[in-house]
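# Report on the structure
Chain by chain, the residues:
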Amino acid sequence: MADNIERTDDTDRTRTRTNATASRRRFMQTAAGAGALAVGLGGGAVGSAAADHDDRSPSRLERDGNLIVDADGEEVELHGVAIADPKRIDVTERARGKTVDQIIELATDAEQGWHANVIRLPIKATDVVEYPDSDSPEPVAFDEAQVRSYVEDHLDGAVQKCADEGVYALISYHRDTNRPWTDGPLSEETELLWDVVAERYADQDHVVFEPFHTPRGNSNYGVSGQALVDWWSDWLDTAQPWVDTIRSHTDNLTIMGSPRYSQATFGAVIEEFDAENVGYSLHVYPAHGPTTPEDYDDFLVPVNYDGDGVSYDDETPAYDVAPVVLTSWGFDPDAPAAVGGAITREAAREANWAEHDPDYGTHVTEWLSTRPVHSTARNFDPIWAPRMFERDFEGEGFDNPYDPEQEVPNLVSDLPAEWNLLGGEYMGETIKEFLASGSESAGGETTDESTPEPSGPAGDLDDDGLVEDVDDDGDQDIDDMRAFADQFESEEIQSNPGQYDYNGDGDVDEYDILEFYHELFRNN
């Protein structure tokens, strides 16, 4: 029943690991930082992007070092979801069961337990030109008039709905093509699109841009040192005109992808784009193999295979240098391995490069909860994989709504129809809990960055000998986790290890922070 499952070229998407992992000390410093330890953090916002939205559109976002801040200089944590292409939803709403507005309303409806504060809006060339074939159109696929028509008829409404709901709109160009990122016509097409889109939303403070979803080809795996620097420099030369095109109209926050399907985020440590207000994206799925937070950090630290002196920092992760957004993550056993299917061993076996992580949902949310990384999970949809829902009605499937030989079925007469949230091996329940836990921390107000002092042996809430109520306010919540992360090296805690050794290994260290997180996640 797949409307348009986005597949990738398995021949190029092998996983590489760096030999430089985050140090235990760096992990502790990151975890204890202000705002970095909100469980899930999703939908939770520091400053103007509060989860329980008010009547005002969010303020313009700016980069402040490795942080994202609002117009008042308050830190903002972006966590939300991606929907399907707005035009695809428009032309299939009677088969999907909801309109674009209804989908965005649900994703931001706190009363129904959803707390996204950013909605990722993908643009697909197939939808811009209504391409009828199963593959993608060759670049340059469209002209300016076609882009303007798409924007005015379909994207405008979704962008405005985000403003109405008080959340950010992350507009992302999803270009499905096997052409490498070095391809001239592909770059020309990308510039054409952003010349229209950036001009259109130049005065929209709540809009964020992601110029290219997953650059492919010319992956150059296995290099380090000067060869890595030269390869990254080629990427900067290729994509800088895309940034320049956007900057010719507006300075809105822009999130740049990277080669290797936006998994070379470490390049931001080597050299950044020549522009202000730029962050960097990362895409990681269960097939790519990370399990521990340090594994995820590997994608953000430049490699140094030979161990020799290099011209770049081979220890610092990109999120310590610039804002990083995990713009594409999720899991779905029915999806291809490259986009979440490797949650099961069977799906992983379909691709000769894929690894398998049945606990990916726990692992990725653990990483997001202990790092200053923003996120948008995909897809908030019952059809596009990886999906969070299934439709609550029967009906035939369809592949391409623009194929004249395929008719989009009219399955529901009254919209919205019900969508059933998927759990277990599917991602829906995990995403909802992740976003909600961060919202509870934010509470719709600016988070107080001061850390309560732990209260010593008091605070054992369940008589297990461990202190759960670290800040002595009568319950166990994210503030206790922050307090412990900030104070676990103090003499008071280190002199009472039996009361704070949450993982039972005999020491009180940063790994007890992770165990505290797991306990909160299980309780939620």
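Source: prediction; values computed, not measured.

Analysis parameters
- Residues numbered from 1 in each chain as written.
- Predicted model: local features only at pLDDT ≥ 70, side-chain atom pairs only at ≥ 80, totals over all residues.
- Heavy atoms only, no water.
- Helix = DSSP H or I, 4+ residues; strand = E, 2+ residues; numbered from the N terminus.
- Buried < 20%, exposed > 50% of the residue type's maximum accessible area, 1.4 Å probe, protein only.
- Contact = heavy atoms within 4.5 Å.
- Areas by Shrake-Rupley, 256 points an atom, 1.4 Å probe, with all protein chains shown as cover.
- Pairing = 2+ DSSP bridges.
- Salt bridge = Lys/Arg side-chain N within 4 Å of Asp/Glu carboxyl O.
- pLDDT = per-residue confidence, 0-100.
- Phe/Tyr/Trp six-rings, centres within 6.5 Å; stacked < 30°, edge-to-face > 60°.
- Lys NZ or Arg CZ within 6 Å of the ring centre and 35° of its normal.
- Polar contact = N/O pair within 3.5 Å; in protein donor to acceptor, adjacent residues only side chain to side chain.
- Axes fitted to C-alpha atoms, helices over the stretch in contact; angles between N-to-C directions.
- Parallel < 35°, antiparallel > 145°, perpendicular 65-115°, else oblique.
- Left-handed = near helix turned anticlockwise from the far one by under 90°.
- Core = buried A, V, L, I, M, F, W, Y, C linked by side-chain atoms within 4.5 Å.
- Nonpolar A, V, L, I, M, F, W, Y, C, P; charged D, E, K, R; others polar.

Take the overall build of the protein chain next. Looking only at helices and strands, the protein chain has 16 helices and 12 strands in total. Counting the 524 residues in the protein chain, one finds 62% classified as buried. Considering only contacts in the protein chain between residues 6 or more positions apart, those separated by 24 or more positions represent 76%. Roughly 18,800 Å² of accessible area belongs to the protein chain as shown, and the carbon and sulfur atoms make up 39% of that amount.

The next subject is the pairing of strand 9 (residues 324-328). Within strand 9, five of the five residues are buried, which leaves it mostly tucked inside the rest of the structure. Alignment of strand 8 (residues 278-283) against strand 9, held across four bridges, turns out to be parallel. The residue bridging Tyr-280 from the neighbouring strand is Val-324, located in strand 9.

Our next topic: unusual backbone geometry. Across the junction of Pro-139 and Val-140, the peptide omega takes the value -5 degrees, indicating a cis bond. Tracing the backbone shows Val-140 in the loop between helix 4 (125-129) and helix 5 (144-164). Cis geometry is adopted by the peptide bond preceding Pro-386, which originates at Ala-385 and carries an omega value of -5 degrees. Summarising the element assignment, Pro-386 is placed in the loop between strand 10 (373-378) and strand 11 (389-391). Unlike most non-glycine residues, Tyr-261 shows phi in positive territory, near 60 degrees. Position of Tyr-261 among the secondary structure elements: in helix 8 (residues 259-262).

The subject of this paragraph is the pattern of salt bridges. Applying the stated criterion across every chain yields a total of 21 salt bridges. A salt bridge links Arg-120 to Glu-210, with the shortest nitrogen-to-oxygen separation between them at 2.8 Å. Note that Arg-120 is positioned in strand 4 (residues 118-124) and Glu-210 in strand 6 (residues 207-210), a separation of 90 residues in sequence. With relative accessibility at 0%, the residue Arg-120 sits in the buried group. Judged by its relative accessible area of 0%, Glu-210 falls in the buried class. Between Asp-176 and Lys-124 there is a salt bridge whose closest N-O contact spans 2.6 Å.

On average, residues of the protein chain carry a pLDDT of 85, and 84% of them reach 70 or more. In the predicted structure, residues 1-54 sits below a pLDDT of 50 and forms 205 contacts with residues beyond four places in sequence or in another chain. Here residues 441-456 is modelled with pLDDT under 50, and outside its nearest four sequence neighbours on either side it reaches 38 contacts, counting other chains as well.

A few words on the packing of aromatic side chains. For the structure on display, the rule yields 21 aromatic pairs. Ring geometry for Phe-380 and Phe-389: centres 4.8 Å apart, planes at 80 degrees, overall edge-to-face. Where Phe-484 meets Tyr-502, the ring centres are 5.1 Å apart and the plane angle is 85 degrees; that geometry is what we call edge-to-face. On the criterion of sequence distance, the pair formed by Phe-484 in helix 14 (residues 478-487) and Tyr-502 in the loop between helix 15 (491-494) and helix 16 (510-523) is long-range, its members being 18 residues apart. Here Phe-484 matches Tyr-502 in class, with each residue buried. Through pairs of rings, three or more aromatic residues link up here, namely Phe-142, Tyr-173, Trp-181, Phe-212, Trp-235, Trp-242, Phe-273 and Tyr-280. For Lys-98, the ring lying beneath its charged end belongs to Trp-419, and the centroid distance is 5.3 Å.

Okay, the side chain of His-213 next. Checked against the element boundaries, His-213 lands in the loop between strand 6 and helix 7 (226-247). Residue class for His-213 comes out buried when judged on its relative accessible area of 4%. A polar contact is formed between the side chain of His-213 and the side chain of Arg-120, at a distance of 2.7 Å. What His-213 contacts, discounting residues up to four positions off in sequence, is Arg-120, Ser-172, Tyr-173, His-174, Ser-262, His-283, Ser-328 and Arg-378.

When two helices pack together, their arrangement is given by the angle between their axes and by how far apart the axes lie. Running from amino to carboxyl end, helix 3 (residues 100-107) crosses helix 5 at an angle of 30 degrees, the nearest separation of the two axes being 10 Å. With respect to each other, helix 3 and helix 5 are oriented roughly parallel. Relative to helix 5, helix 3 is oriented so that their crossing is right-handed. Counting all contacts with helix 3, which are made through Val-100, Asp-101, Ile-104 and Glu-105, the residues of helix 5 involved are Gly-157, Ala-158, Lys-161 and Cys-162.

Another point: helix 12 (residues 360-369). Counting buried residues in helix 12 gives nine out of 10 residues, a clear majority hidden from the surface. The set of residues buried in helix 12 consists of Tyr-360, Gly-361, His-363, Val-364, Thr-365, Glu-366, Trp-367, Leu-368 and Ser-369.

For the rest of this paragraph, the subject is the environment of Leu-466. Mapped onto the elements, Leu-466 comes out in the loop between helix 13 (428-442) and helix 14. Take Leu-466: its relative accessible area is 16%, and that puts it in the buried class. C-alpha of Leu-466 to C-alpha of Asp-501: the two residues are 35 residues apart in sequence and 7.5 Å apart in space. In this structure Leu-466 touches Gly-459, Asp-460, Gly-498, Gln-499, Tyr-500, Asp-501 and Tyr-502, once residues within four positions along its chain are discounted.

Our next topic: the nonpolar core. Nonpolar side chains tend to gather and get buried jointly when the protein is soluble and globular. In this structure, Ile-119, Ile-171, Val-197 and Phe-380 are the most contacted members of the largest nonpolar core, which totals 95 residues. With 10 residues, the single largest contributor to this core is helix 7. Setting aside its immediate chain neighbours within four residues, Val-197 contacts Ile-123, Val-147, Val-151, Ile-171 and Phe-209. Leu-466, Ile-478, Tyr-500 and Val-508 belong to the second largest nonpolar core, which has 16 residues in total.

Next up on the list: the side chain of Thr-254. For Thr-254, the location among the structural elements is in strand 7 (residues 254-256). Looking at Thr-254, its side chain comes within polar contact range of the side chain of Arg-247, at 3.3 Å. When neighbours within four sequence positions are excluded, Thr-254 is seen to be in contact with Phe-209, Pro-211, Ile-246, Arg-247, Asn-277, Val-278 and Gly-279.

Bringing the packing of helix 6 (residues 184-200) against helix 7 into the picture now. At a closest axis distance of 8 Å, the pairing of helix 6 and helix 7 adopts a crossing angle of 15 degrees. It follows from the interaxial angle that helix 6 and helix 7 lie roughly parallel. Here helix 6 and helix 7 pass one another in a crossing that is right-handed. In this structure, helix 6 uses Ser-187, Thr-190, Glu-191, Trp-194, Asp-195 and Ala-198 to contact helix 7, whose residues at the interface are Thr-238, Pro-241, Trp-242, Thr-245 and Ile-246. The residue inventory of the contact of helix 6 with helix 7, partitioned by class, reads five nonpolar, four polar and two charged.

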